[in-house]
Every structure is written in structure tokens, then in C-alpha cells.
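Coordinate analysis (summary)
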Amino acid sequence: MDLNLTNKIRGFSLKDSGGKAGEKSAAGNLNRIIKKNLLGSFMVKGAGIVINLALIPIGINFLDKERFGVWIIINSLLAWLSFFDLGLGNGMRNKLSAAFHRKHIKEARSLISTGYASIFVTTLGVFITFWLLNGFITWSSVFNVSKELNSELSRVIFWSVSLFLLQVVLKNIGFILLGLQLTAINNSLLVIANAAALAIILICQHLGLPGSLLL
């Protein structure tokens, strides 16, 4: 990560302002960044609530009630599992905050590389285990739905878990943003994803495509 870019993001000056005046200036810049991101986070979360509420009636219209119920369960389970990253992400975030504060850019690069590598290896192991077990699980029985949905559910669960594990790796950019005190940008990533999901469902409905969990 480039030192100039990092300092521009944080709002700190590269010039040595010296003494207490420099410390007060840096603290003032950081406080302004935090206040702006608190306001931005509040607005982003508000937009996220509206989008999530809109997804419910639109999702019911696109899917039948049985499929919609399964979709809600899958999303809820994945949202719950997203909190389990073995502490690697939050650990990287805390160490990154300290490294950025000390302007140790090489240390920050090393932390980011190590964090990504550790989480990638972990998720790869989980993916291989899931891939081996998926074919032996009768998902229609797990969700207590019609047996006719088992084939569709097997594909849906495979792609949901696979993309979820990919997200676990990619969302480390969020921990980096949090380390830079850019909470509003981090929170906006999920809102953008939900807005994209809403747009895709509306497009599918407009094109007259049949309701599908896979879609």
C-alpha cells in the first residue's frame, strides 16, 4: 500500500508538523473522519433497512411461499455464519489500526498478506469438506420441504456456500477500511450488494422468468 495513498485516506499530512501542534492537528483530522463516517454509516444503514424491507414482498412475488421460506432460512444462516471468522479478520483490523497510526506501512502490508493467506487456507479447507459432504445430504429433509425441491436445493446450497466462502475471503477489505476508520464505506458494501440483488429480482420479474431459488 502506497504511503501517500494511506495518508490521504486517513487525512494525515506527510509533513512533520512537530510537537503538540502536530499531534492536535492529526487528532483533529481523525476526529473529523470519525464523525463523517458515523453520519455516513447512519445513512447507509437506513438505506439498507429500506432495501431489506423491499426485498420481502418482491421476493414473495418472485418465488412461491415454500421457496421464499427456504431463501429466508439460507440467508439467515449465512448471515449468522458470517460472524465466525476465527477472529482472524478482527485481529488483522486491530493490528492494522496500530500499524497505520505508527505509519509502519511495511508492517501493514505484511499483516494484510498474512491475514488474506490465513483466511484463504481456512476457507479452502471448509469448501473441500463441504464439497465432499454435499452429495450425501438430503436438503429437502433438512429444510422440511417437498422432495421435488431436493435437486434444486442441492445446487442452491452448493452455490450459496461457495460464494459465501469467497465473500469471507474478499470481505477482508472491510477490515482494512475499518482499520482506516472508514466505517461508512465498509457498511455501504453490503447495502450495494443487497441493492444489486433487489435489482436482479426486479429484472427477472420484468423479463417474465420463472421464480427460481438459484436465480
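Given the structure is predicted, the values throughout are model-derived calculations rather than measurements. (Residues numbered from 1 in each chain as written. Predicted model: local features only at pLDDT ≥ 70, side-chain atom pairs only at ≥ 80, totals over all residues. Heavy atoms only, no water.)

Below, the discussion takes up the environment of Leu209. With respect to the helices and strands, the residue Leu209 is situated in the segment after α9 (183-206). Owing to a relative accessible area of 37%, Leu209 belongs among the partly exposed residues under this scheme. Considering only alpha carbons, one finds Leu209 and Phe62, 147 residues apart in sequence, at a separation of 8.9 Å. The residues touching Leu209, leaving out its near neighbours within four places in the chain, are Phe62, Cys204 and Leu215. (Helix = DSSP H or I, 4+ residues; strand = E, 2+ residues; numbered from the N terminus. Buried < 20%, exposed > 50% of the residue type's maximum accessible area, 1.4 Å probe, protein only. Contact = heavy atoms within 4.5 Å.)

End to end, helix α5 (residues 105-134) covers 42 Å across 30 residues, agreeing with the expected 44 Å (1.5 Å per residue, within 8%). Among the residues of α5, those classed as buried are Ile105, Ala108, Leu111, Ile112, Gly115, Ile119, Thr123, Phe130 and Asn134. (Expected span 1.5 Å × (residues − 1).)

A few words on the pattern of salt bridges. Overall, the coordinates contain two salt bridges when judged by the stated rule. One salt bridge in this structure joins Asp64 and Arg67, with 2.7 Å as the shortest N-O distance. Asp64 gets classed as partly exposed once you look at its relative accessible area, which sits at 34%. The closest approach of N and O atoms between Glu152 and Arg67, which form a salt bridge, is 3.1 Å. (Salt bridge = Lys/Arg side-chain N within 4 Å of Asp/Glu carboxyl O.)

Another point: a nonpolar patch on the surface. Nonpolar side chains collect at one region of the surface, where Phe120, Val121, Leu124, Ile128, Trp131, Leu132, Leu133, Ile137 and Val142 lie side by side and expose about 870 Å² of accessible area between them. Residue placement: Leu124 occurs in helix α5. Residue classification places Leu124 among the partly exposed residues on the basis of a relative accessible area of 39%. (Patch = residues over 30% accessible without salt bridge, like charges linked within 9 Å, V, L, I, M, F, W, Y side chains within 5 Å. Areas by Shrake-Rupley, 256 points an atom, 1.4 Å probe, with all protein chains shown as cover.)

A pair of packed helices can be characterised by two numbers: the angle between their axes and the separation between those axes. Orientation of helix α8 (residues 172-179) relative to α9, taken along the N-to-C sense of each, is 155°, at an axis distance of 7 Å. Judged by the angle between their axes, α8 and α9 are roughly antiparallel. Contact residues: α8 offers Ile173, Gly174, Leu177 and Leu178, while α9 offers Thr183, Ile185, Asn186 and Leu189. Classifying every residue of the contact of α8 with α9 gives five nonpolar, three polar and no charged. (Axes fitted to C-alpha atoms, helices over the stretch in contact; angles between N-to-C directions. Parallel < 35°, antiparallel > 145°, perpendicular 65-115°, else oblique. Nonpolar A, V, L, I, M, F, W, Y, C, P; charged D, E, K, R; others polar.)

Next up on the list: the side chain of Ser212. If you trace the backbone, Ser212 turns up in the segment after α9. Reaching out from Ser212, the side chain makes a polar contact with the backbone nitrogen of Leu214 at a distance of 3.2 Å. A polar contact of 3.3 Å, which involves the side chain of Ser212, links it to the backbone nitrogen of Leu215. Once you skip the residues sitting within four places of it in the chain, Ser212 turns out to touch Phe62, Leu63 and Glu152. (Polar contact = N/O pair within 3.5 Å; in protein donor to acceptor, adjacent residues only side chain to side chain.)

A separate point is unusual backbone geometry. Phi angles above zero are rare outside glycine, and Asn144 is one such case at about 55°. Checked against the element boundaries, Asn144 lands in the loop between α6 (139-142) and α7 (150-170). With relative accessibility at 70%, the residue Asn144 sits in the exposed group.

Glancing now at the nonpolar core. Generally speaking, nonpolar side chains in soluble globular proteins are found buried as a group. Ranked by internal contacts, the top residues of the largest apolar core, which has 29 residues, are Val70, Ile74, Phe143, Leu153 and Ile157. Looking at this core, the elements with two or more residues in it are α2 (19-62), α3 (65-81), α5, α7 and α9. In terms of residue count, α7 provides more of this core than any other element does, eight residues in total. Beyond its immediate chain neighbours, meaning those up to four positions away, Leu153 contacts Val70, Trp139, Ser140, Phe143, Val145 and Leu213. Formed by 13 residues, the second largest nonpolar core is a distinct cluster that contains Ala99, Phe175, Leu177 and Leu178. (Core = buried A, V, L, I, M, F, W, Y, C linked by side-chain atoms within 4.5 Å.)

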